[in-house]
Amino acid sequence: MRFEIMRLDDVDGTAVDSAVVDAASVNRIVQQAAAIGQRIYIRPAETAAR
C-alpha cells in the first residue's frame, strides 16, 4: 500500500509539499517529523485505474 504524506505550513496548515511513499517508509518519515516538530498529514494514495 502507498501513502501520500503532505508537509503542512506551521502558520496556516496548508500543504507545502507532498510525497507518495510505500508503507515501509511511513514510520521513518513520522519519526523524523516528530523529532523536529514538523506537521504532516498522511492519507492513502490514490491508485491509478487499471
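Please read these numbers as outputs of a predicted model, since none were measured by experiment.

Student: Can you tell me about the overall build of the protein chain, naming the residues and giving the values?
Tutor: The secondary structure content of the protein chain amounts to one helix and three strands. Within the protein chain, the fraction of its 50 residues that count as buried is 22%. A separation threshold of at least 6 residues defines the contact pool for the protein chain, and within that pool the share at least 24 residues apart is 46%. Split by element, the accessible area of the protein chain, about 3900 Å² in all, is 51% carbon and sulfur. With 6 positive and 7 negative side-chain charges, the protein chain shows a spacing of 7 Å between the two charge centroids.

Student: Report on the sheet that holds strand β2 (residues 15-22), specifying residues and quantitative values.
Tutor: Ordered in space as β2-β1-β3, the three strands form an open sheet in which the pairing is antiparallel. Bordering the open sheet on either side are β2 and β3 (40-44), each of which pairs with just one other strand. Here the average twist between neighbouring strands, direction ignored, is 20°. Relative to β2, strand β1 (residues 2-8) runs antiparallel, the two being bridged by seven bridges. What sits directly across from Met6, in β2, is Ser18. Contacts between helix α1 (residues 23-36) and the sheet are confined to β1, β2 and β3, with β2 contributing the most and set at about 140° to the helix.

Student: Residues and numbers for the side chain of Glu4, please.
Tutor: Summarising the element assignment, Glu4 is placed in strand β1. For Glu4, the side chain forms a polar contact with the side chain of Ser18, separated by 3.5 Å. If near-sequence neighbours (up to four positions away) are discounted, Glu4 is found in contact with Ser18, Ala19, Val20, Tyr41, Ile42, Arg43, Pro44 and Ala45.

Student: Help me get a handle on the nonpolar core, residues and values and all.
Tutor: If you look at the biggest cluster of nonpolar residues, it comprises five residues: Phe3, Ile5, Val21, Val26 and Ile29. Of all the secondary-structure elements, those providing two or more residues to this core are β1 and α1. Ignoring anything within four residues of it in the chain, the contact list for Ile5 reads Asp17, Ser18, Ala19, Val21, Val26, Ile29, Ile40, Tyr41 and Ile42.

Rules behind the numbers
Residues numbered from 1 in each chain as written. Predicted model: local features only at pLDDT ≥ 70, side-chain atom pairs only at ≥ 80, totals over all residues. Heavy atoms only, no water. Helix = DSSP H or I, 4+ residues; strand = E, 2+ residues; numbered from the N terminus. Buried < 20%, exposed > 50% of the residue type's maximum accessible area, 1.4 Å probe, protein only. Contact = heavy atoms within 4.5 Å. Areas by Shrake-Rupley, 256 points an atom, 1.4 Å probe, with all protein chains shown as cover. Lys, Arg positive; Asp, Glu negative; His and termini not counted. Charge placed at Lys NZ, Arg CZ, Asp CG, Glu CD. Pairing = 2+ DSSP bridges. Axes fitted to C-alpha atoms, helices over the stretch in contact; angles between N-to-C directions. Polar contact = N/O pair within 3.5 Å; in protein donor to acceptor, adjacent residues only side chain to side chain. Core = buried A, V, L, I, M, F, W, Y, C linked by side-chain atoms within 4.5 Å.

Nothing here speaks to function; it is geometry throughout.
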